[in-house]
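Listed below are the residues making up each chain.
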Amino acid sequence: MKRLVGASVPLLAALVAFLFGAIMILALGENPLSGLAAMFDGAFGTGDRIAATAVRAVPLLLVGAGITIAFRANVINIGGEGQIIAGALLSTVVALTIPDTPKIILLPLVILGGLIGGAIWGAIPGVLKAYASVNEILSTIMLNIVAVQLMNYLLRGPMIDPIEVDGSRIPQTERLTDNAALPTLIEGTRLHLGVPIAILAAIIVYIILWRTPLGFRLRAVGHNPDAARAAGISVERNIVKALAMSGALSGLAGVTLVFGSESLRMVTDGGSAGFTGSAGFNGIVAALFGALHPLWTIPSSFLFGALLTGATELQRELQIPNALAISLNGLIVLFVVSSDKVREWLARRLDSSTGQPINEPPSADSPPDQVATTSSGNDPETVA
Amino acid sequence: MSQFFTLSVLTATLATAIKFAVPYLLASLGETIGQRSGVLNLGVDGIMLLGAFGAYYTVLETDSHLLGLAVGLIIGLLMGLLYAVVTVFLHAQQGISGIGIFLFGLGFSDLLFQELVGSVKPVKPLPTLDKLPGVGGIFEPLVDIDILGPLVFDHDLMTYTAFLLVPVVTWLLNKTTFGMNVRAVGENPQAADSLGVSVARTRFIAIMFGCVLAGLAGATLALQLAVFQHNLTNGIGFIAVALVYFGAWQPRWVMAGALLYGLVTATRLRWQSLDIIPQGASDIAAMTPAIITILALVLLASRARGPAALTKPFTRH
């Protein structure tokens, strides 16, 4: 029974958020049920739409899987946006530099470029946190800003489409070589190789975290850094690794955004959301909703992918702005992170009625409590 | 470059810098109060966006700046209520719940804007002192004073409010009982609790202060720019959070950080408009405040110590 309560609380949180969404649709003078129908139709109505939903889920899943690594190691990675951009930029540079390389070589190199770009952008806050006690929440946010400006600079200058130089100067690269495009899996839909890659990545993250010594060390550092250090595990090195791996997956998300797009080029509108679609933040939502478990993040990402594609249809059919989806995401985050206390309370109520002990030891798979507690970067022992 | 180093251009750039610093300053002063009580609020940007839209829409409909600012303040209060319940009573992880507040604000302000306004419609900007109805005439001669005029007298009332709040917040934190409680629950909530200070109530009020200032910061931004659009703040709220660390939790240093951001932005835009630097260099220059902040965090991390209980929910044992 208690297990059931534990599992149902996030769903309850989502239900409350959707109820709020229904009220908003009602307030906008539309029928919430026809709104829901339009969203469902938009997300799953045709094969092409299901494909669009899956494609939409890809960056969320990759970022989300990366988020679970960071969280298990007790670091908060809010730098998904910057890491996506860094990965996209480096992979685009690869494709621009050696466009005539055969696909079988170029595509892996492009993916590698994305992984490395994201890993670098993730490793920087990792190093700063591990060796200079800089709060990673702040450094990742600052690096998001740096990445956006770097993208703006490169796409307006060195990497701009040669046609645009004397033309309207739209800040975008030229159409990249088809040799680097993520192959379409089902002809006539947008379903591309990024979908299986993202699912595979989430499974690999699961295996790394729970089936390898590296994952054991990462989780040990996240669970109790002092005990990990006493056991001879380098806390510093594992913090860097966690953020680098987290960043690498976001970088891969950047690759899918460029090389899975129909325009096959990188474009900026000056902000980060214009390119990433806020996947760096929405990926956090997906990971949280997936209980910070890489495998649960898979269905969770598809759900949020559906929410985003559904919202597009909602806008087309009922003229309800798709910004509704983002605000619902925000509420879901709030409800999910607040639900621990509610769950505790519910469990206690159940316990008092059945007479079972209150303190159940946390299972190995439960998300770490109070991730933020040791992340302020101002731990007493680091104070000079 | 020579056309930049003339007295009038330098003065004008500095005056713009002061104006640009205002939303940063208001938001980060509020965040300072919250963090001193041990609560990190990463949702400042979302609250600013909601406050900005509320103020903008009110002015669009009623033409009253005062009403607009009041709406911004009330929105801050409501969002503060939500965030306080989530963090103080429900013990939500603060790094993440703030992102929830941010996404909600980002989406909801955009939703309301598209639904209620639709296209970019400018409103009247906040009047500077000499344009204030009734009393403006008194200040007119002051604005014409060399250097001092544009720097000190050519601003709107929110600018003076923001800078006046620096000593006020310092006084509030250091000289009042409330401030002492705030610092106590931020450093050692257990000890404060055992002395009879209500940790929950103190943090609740501190969060409310912070969010009200965030709402006002957004309202001020929208009314200074006299416009609203999707993601108007473009991350100002996140930078405001960083400025609190940058300023080592001291209002006067937080102000220095806000002025630095204002100065870099004003200089960059001025150079661009004078064609001193090309667009590309301007993009690079836009990174500098973020990089300076990171460097400052590296240098400060070993020197300044934040509130010991920052981000730690309090449970009575």
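Residues numbered from 1 in each chain as written. Chains lettered and ligands numbered in written order. Predicted model: local features only at pLDDT ≥ 70, side-chain atom pairs only at ≥ 80, totals over all residues.

Once that is clear, we can look at the overall build of chain A. Tallying secondary structure elements over chain A gives 15 helices and 0 strands in all. Counting all 384 residues of chain A, 54% fall into the buried class. Contacts in chain A between residues at least 24 apart in sequence constitute 79% of all its contacts with a sequence separation of at least 6. (Helix = DSSP H or I, 4+ residues; strand = E, 2+ residues; numbered from the N terminus. Buried ≥ 20, exposed ≤ 12 C-beta atoms within 10 Å, placed from the backbone. Contact = placed C-beta atoms within 7 Å.)

Attention now goes to helix 7 (residues 157-175) of chain B. Residue and element names in this part refer to chain B. Taking 1.5 Å per residue, 19 residues should reach 27 Å; helix 7 reaches 26 Å between its end C-alpha atoms and fits that length. Taking the largest bend as the criterion, helix 7 deviates by roughly 30 degrees, centred on Leu165, and proline Pro167 comes between one and four positions later. Packing partners of the buried residues in helix 7 comprise helix 1 (7-36), helix 8 (177-187), helix 10 (199-225) and helix 12 (251-273). (Expected span 1.5 Å × (residues − 1). Bend = angle between axes of the 7 residues up to and from the residue.)

Each partner contributes to the interface: chain A provides 51 residues, whereas chain B provides 50 residues. For the side of chain A that touches chain B, the element with the most residues is helix 15 (residues 323-354) of chain A, which contributes 15 residues. Residue composition of the side of chain A that touches chain B, by class: 31 nonpolar, 17 polar and 3 charged. (Nonpolar A, V, L, I, M, F, W, Y, C, P; charged D, E, K, R; others polar.)

Our focus in this paragraph is the confidence of the model for chain A. Summary statistics for chain A give a mean pLDDT of 87 and a share of 89% for residues scoring 70 or more. Every residue in residues 355-384 of chain A scores below 50 in pLDDT, and together they form 51 contacts with partners more than four places removed in sequence or on other chains. (pLDDT = per-residue confidence, 0-100.)

With that settled, consider the environment of Ile124 of chain A. All names here are of chain A. By secondary structure assignment, the location of Ile124 is in helix 5 (residues 103-132). Taking the number of C-beta atoms within 10 Å as the measure of exposure, Ile124 has 26 and is therefore buried. For the pair formed by Ile124 and Thr101, sequence separation is 23 residues and the distance between their alpha carbons is 31 Å.

Before going further, it helps to examine unusual backbone geometry. Although it is not a glycine, Leu264 of chain A sits at a positive phi angle of roughly 55 degrees. Counting through the fold element by element, Leu264 of chain A comes out in the loop between helix 11 (235-259) and helix 12 (273-276). According to the C-beta neighbour criterion, Leu264 of chain A is partly exposed, with 18 such atoms within 10 Å. A positive phi angle, close to 60 degrees, is found at Asp275 of chain B, a residue other than glycine. For Asp275 of chain B, the position within the fold is in the loop between helix 12 and helix 13 (279-301).

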